[in-house]
Amino acid sequence: MSRPARGRFITLEGGEGAGKSTQARLLAAALAARGLPVLRTREPGGSPGAEAIRGLLLGQAVARWDSVAECMLHFAARREHVQASIRPALEAGIWVVCDRFADSTYAYQCHGQGVPRAVFQALSEVALEGLRPDLTLVLDLPVERGLGRATARGDTNRYEALGAGFHAKVREAFLAIAAAEPERCALVDASQPLEAVTAALLRALNARLPA
Ligand code: Z5A
């Protein structure tokens, strides 16, 4: 029997309240409506071992770990997620839609918390073993609007509590990633109404990964 074609790996990135979780749901539904098998997942988390690390990361006080140790925890969760969920799904022909991935570590831990890029690169090699998203949708939104949306939702976590200056650095990092890797990334204005953001994401998806 022939093996199924490899699935595609799509990540959504951006700052707080940009709409990643909402759009990941809508994107997964749109792919499923086209008859494609889809796994929707998230980081940190996405597999039982990685969800346990998520509980540690999001449940602790801000200064719980040194920033490199925190970066290592994100990559420990990611390796577990990749090994247990993402890679097996892709090999089975399933399209994976992931709410945040390694770009978030670059933005939050390197740009936001000062972890050296060399540490990020070394940990990426160990954790990802060459895995790279086929498409990254970067949702961009002014910091105050994103934090406003997240606060209005009423369940802020420790990263959301880090303040506007921190989140401005995170936003800059995502914009820099999108500019540096245009073949992988599509930048979308997330300040538009929800339906307009969905339409823009689907346009990017159809243009770059025709089914
Ligand atoms: N983190 C890290 O530091 N390093 C890493 O490597 C990784 C993560 C992977 C995970 O938090 C935290 O971990 C995250 C980064 C850090 N920091 N924080 N904070 P999380 O998983 O709990 O949450 P999140 O990933 O930050 O996402 P979010 O804040 O929950 O936002 P979102 O998923 O982008 O947005 P949403 O939930 O879809 O929408 C937010 C609200 O806005 C909601 O009420 C929507 O109905 C509304 N919304 C969405 N779109 C629109 C539009 N277009 N117009 C108006 N309102 C909208």
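Thresholds, definitions, all that
Residues numbered from 1 in each chain as written. Predicted model: local features only at pLDDT ≥ 70, side-chain atom pairs only at ≥ 80, totals over all residues. Heavy atoms only, no water. Helix = DSSP H or I, 4+ residues; strand = E, 2+ residues; numbered from the N terminus. Contact = heavy atoms within 4.5 Å. Areas by Shrake-Rupley, 256 points an atom, 1.4 Å probe, with all protein chains shown as cover. Lys, Arg positive; Asp, Glu negative; His and termini not counted. Charge placed at Lys NZ, Arg CZ, Asp CG, Glu CD. Buried < 20%, exposed > 50% of the residue type's maximum accessible area, 1.4 Å probe, protein only.

A. Region of interest: the overall build of the protein. Assigned secondary structure in the protein consists of eight helices and five strands. Its helices and strands in sequence order give the protein the pattern β-α-β-α-α-β-α-α-β-α-α-β-α, from N to C terminus. C-alpha extents for the protein along the principal axes are approximately 50 × 40 × 30 Å. Considering only intrachain contacts with a sequence separation of at least 6, the fraction spanning at least 24 residues in the protein is 80%. Within the structure as shown, the protein displays about 9700 Å² of accessible surface, and the carbon and sulfur contribution to it stands at 56%. A distance of 3 Å separates the average location of the 25 positive side-chain charges in the protein from that of its 22 negative side-chain charges.

B. Structural detail: the environment of His111. Topologically, His111 is positioned in helix α4 (residues 102-112). Judged by relative accessible area, which is 30%, His111 ranks as partly exposed. Taking the C-alpha atoms as reference points, His111 and Phe166, separated by 55 residues in sequence, lie 8.7 Å from one another. Once residues lying within four places of it in the same chain are set aside, the contact partners of His111 are Tyr106, Lys169 and Ala173.

C. Region of the structure containing unusual backbone geometry. Between Glu43 and the following residue, Pro44, the backbone shows a cis peptide bond with an omega angle of -10 degrees. Unusually for a residue other than glycine, Arg100 sits at a positive phi of about 80 degrees. With respect to the helices and strands, the residue Arg100 is situated in the loop between β3 (95-99) and α4. Its identity as a non-glycine residue notwithstanding, Glu129 has a phi of 45 degrees, on the positive side. Along the polypeptide, Glu129 turns up in the loop between α5 (117-128) and β4 (135-140).

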